[in-house]
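# Overview (structure and organization)
In case you want the letters, here they are:
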Amino acid sequence: MELLNGERFVLGTCYYPEHWKEELWKEDIRRMLDTGIEVIRVAEFAWSKIEPTEGTFTYEFFDRFLDVVEETDMKVIFCTPTATPPAWLTEKYPEVLNVSKEGVVYRHGQRRHYNYNAPIYQELSARITEKSASHYGGRKCIIGWQIDNEINCEKNEFYSESDTIAFRKFLQDKYGTLERLNEAWGTVFWNQTYTAWEEIYVPRPTYGDSTNPHEVLDYTRFISASARGFAKLQSDILRKYIKPEDFITTNGIFGNLDNHAMTKESLDFMTYDSYPNFAYMMKAYDEADAMKDRKWSRNLAEVRSVSPIFGIMEQQSGANGWNTGMAAPTPRPGQLTLWTMQSIAHGADFVSYFRWRTCTFGTEMYWHGILDYSGRDNRRIQEVKQVYEKLQNMKEISGSLYEAEVGVLCDYDNIWDANLDVWHGSVEKVSKKALFAAMQHSHTPFDYVYLTEEQTAENLGKYKVLFYPHATLINEERADLLKKYVADGGILVVGCRSGYKDMNGKCVMDYLPGLLAEVTGTDIPEYSFIAPDAGEVYVDWDGTKMKAQVFADLLEPLSKDAKIEATYVSDYYAGSAALISNSYGSGKAYYYGSAFDEESAGIFLQKLGVARPYQEIVTLPEVCEVSVRKKGDRKYMFLLNYSKEAVTVEFKKEVVDVESGQAVSGKKILDGYGVMVVCVR
Ligand code: GAL
């Protein structure tokens, strides 16, 4: 593989030869190479250039373009163009179009207007993939393929007739009989019992937009399966035709999609499209949100959980802008570098900027690339050049892996259920945000750790502490994995509302926290939302006060090894246990009866001894992020300053500045948006 081979970092850009006069191609490629850009991604929206009318295949356009490319050392990621079906296709086969829940058909004119399940769209997508791969696959400049573009972006719900037919098939495969489906969905409630498969549809408008929750959870699983199937259809074809050393990827990551399973089935690695400038949108700017562009580190951690070393297929390089709604300023001097290094700090070894030239027409004519409309040399191209130069001294870091002692457990069943269920979602949302903020501000690197089918207790054992903030849906298998992790010496922290649902999203008729009672040594005789008129509810943990958030499970110890660590001190909860620890095998599990805010999450990190793992090496202000990548006995520490102002960092031990090769110790100034990468041995 030419990318992500652990030898060096590579820069790229997104290029649209179909947007420009052919005379520009050669000069553009020369300028890219001069800037340090070695890879371009092309063709993701260019179906009509290859199949202008149904069944007519014309390869000349990209042949001419690739000929120009092959006069140089430029490398190409070629895409399948299925994100934008042509007008002739949607006109002749309107059943390929996506439809809103209310039945409004999304017509030609935007993009991603198709559904995954129309058989004719699958057939025509397979054919264009096969034609492109068989014709261009052998080209020496091509190093990899991107499937579609941003699968499940724009709209990740599908309500066409083809989806209903496919949904019925999905359910038949899953349940076999209607009896089992009726049982799983609890259709006896409100007389929803199905007597024929044809009575089942993808969710339709209902009063209060409230369809049977177990059905909607299965529908979300169905969307994910449909998207995965569409990716697999294409990757199976690509594998037949492309050079064995070429990779297959797609650019994500979006909702209602099991990105882990899709990557395992169809891709060599995941790439991500990183647009931290969304934090500065003119309309939605939130001054109070301290995390701003730093929040993209959360998304990068998600991508890393899919592919430990990944690529950025689209890295922000200019202002955001759609003529219909999106508007954000041009990145300030230094921000483009900061965002590039943010991606690299989290595991990206390939970073490709969106886009080379800014388009002068269409919906995205304000979404700026590196160059503005005129194409003149500008500040941003200079900055890309400087990034390239910086990375020349950092080659040794490529291939290194992100290093964290703390993990946050996730699984798609809980993520999707929390999106659909207000009770579950209200705790999940605040805790996820709080844990991220607490870890960022306390300079505690962490990983998201997914409970995929392949997950093992041994792998979980790499983490000293695992938070599973709201393990609401749980099955025996996952509970056993957690038991093994704790028994082997791990520390598990779960928050309120854990263990109260089965995998259909139905509440269990059990003492809570159900399957997690044994490992947490906890019983929950009573629970409630914190009432809106309750005021602030506090918890006392050995003299440390924490504010309970959203919900209060009132706890009692269940086993002799369970110990009350903290109690509520407010309202009628006062005196009830709020936090129980349970020694289990060589480890410990904690059950916390509430959701987390940043402060309580920070207290957990502190008390469990995992906060600030690098404080003996460096101290730095909250506004900076610390990320560490490790290779052999070397740790590469990225210090990223998200503020416009310069800050002081202090090295307590001598380290080596990777860029200059110089030893550093004591106080150093990190410029506004500055980045420093040091090697610690
Ligand atoms: C991405 C997309 C690109 C472009 C960019 C800016 O989501 O993949 O094609 O649209 O955003 O809006």
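Please read these numbers as outputs of a predicted model, since none were measured by experiment.

## Remarks on helix 9 (residues 259-266)
Along helix 9, six of the eight residues are buried, which leaves the element largely enclosed by surrounding structure. When we look at burial in helix 9, the residues that qualify are N259, H260, A261, M262, T263 and S266. Against the buried residues of helix 9 lie helix 8 (213-241), strand 5 (247-249), helix 10 (296-306), helix 13 (412-420) and strand 12 (446-450). The N-cap residue of helix 9 is D258: its side-chain oxygen and the backbone nitrogen of H260 are 3.1 Å apart.

## Points about the domain arrangement of the protein chain
Each assigned domain of the protein chain is listed with its residue range as follows: domain 1 (406-607) and domain 2 (618-680). Counting from both sides, the interface comprises four residues of domain 1 and, opposite them, six residues of domain 2. Taken together, the two surfaces of domain 1 and domain 2 that pack against each other cover about 490 Å², and 54% of this comes from carbon and sulfur. Considering only the surface of domain 1 that becomes buried against domain 2, Q440, H441 and H443 emerge as the three largest contributors, covering 84% of it. Across the domain 1-domain 2 interface, the total number found is zero salt bridges.

## Comments concerning the side chain of D293
With respect to the helices and strands, D293 occurs in the loop between strand 7 (271-274) and helix 10. At 7.5 Å, K292 is the nearest oppositely charged side chain to D293, a buried residue that forms no salt bridge. Here D293 is in contact with P276, A279, Y280, Q335, L338, W339, Q342 and Y642, once residues within four sequence places are set aside.

## A look at the nonpolar core
Considering soluble globular proteins, one finds that nonpolar side chains tend to be buried as a cluster. Counting residues in each nonpolar core, the largest one holds 107 residues, and the members touching the most others are F62, F65 and F78. In terms of residue count, helix 8 provides more of this core than any other element does, seven residues in total. In terms of nonpolar packing, the next biggest core, distinct from the first, is built from 46 residues, M503, A548, L554 and Y573 among them.

## Observations concerning the pattern of salt bridges
A complete count under the given rule lists 48 salt bridges for this structure. Residue R357 pairs with D28 through a salt bridge whose shortest N-O separation is 2.9 Å. Placement of R357 in the loop between strand 9 (348-354) and helix 12 (379-392) and of D28 in helix 1 (residues 22-35) is noted, with a sequence separation of 329 residues between them. With a shortest N-O distance of 3.2 Å, D268 and R239 are connected by a salt bridge. Taken together, the residues D268 in the loop between helix 9 and strand 7 and R239 in helix 8 connect sequence positions 29 residues apart. What makes R239 partly exposed here is its relative accessible area of 39%. Put simply, K174, D218, R221, D411, D413 and R478 are held in one network by salt bridges that share partners.

## Quick look at the packing of aromatic side chains
Any two aromatic rings considered together are summarised by their centre-to-centre distance and by the angle between their planes. Scanning the entire structure with this criterion turns up 49 aromatic pairs. Taking the centre distance of 6.0 Å and the plane angle of 25° together, the rings of Y280 and Y285 count as stacked. When the ring of F596 is compared with that of F604, the centres are 5.4 Å apart and the planes differ by 75°; the resulting orientation is edge-to-face. When its relative accessible area of 1% is taken as the criterion, F596 is described as buried. Between K49 and the ring centre of F61, over which it is positioned, the NZ or CZ distance is 4.8 Å.

## Here's the deal with unusual backbone geometry
Following G252, the chain continues to I253 via a peptide bond in cis, the omega torsion being 5°. Its location among the elements puts I253 in the loop between strand 6 (251-252) and helix 9. A cis amide bond, omega -15°, links F354 with the succeeding residue R355. By the element assignment, R355 lies in the loop between strand 9 and helix 12. Of note in this structure, N256 is not a glycine but carries a positive phi near 55°. Here N256 lies in the loop between strand 6 and helix 9. Residues other than glycine seldom take positive phi values, yet D571 does so here, at roughly 55°. For D571, the position within the fold is in the loop between strand 19 (562-568) and strand 20 (577-584).

Thresholds applied
Residues numbered from 1 in each chain as written. Predicted model: local features only at pLDDT ≥ 70, side-chain atom pairs only at ≥ 80, totals over all residues. Heavy atoms only, no water. Buried < 20%, exposed > 50% of the residue type's maximum accessible area, 1.4 Å probe, protein only. Helix = DSSP H or I, 4+ residues; strand = E, 2+ residues; numbered from the N terminus. Contact = heavy atoms within 4.5 Å. Polar contact = N/O pair within 3.5 Å; in protein donor to acceptor, adjacent residues only side chain to side chain. Domains from an automatic or database assignment. Buried area = accessible area lost by both parts, 1.4 Å probe. Salt bridge = Lys/Arg side-chain N within 4 Å of Asp/Glu carboxyl O. Lys, Arg positive; Asp, Glu negative; His and termini not counted. Core = buried A, V, L, I, M, F, W, Y, C linked by side-chain atoms within 4.5 Å. Phe/Tyr/Trp six-rings, centres within 6.5 Å; stacked < 30°, edge-to-face > 60°. Lys NZ or Arg CZ within 6 Å of the ring centre and 35° of its normal.

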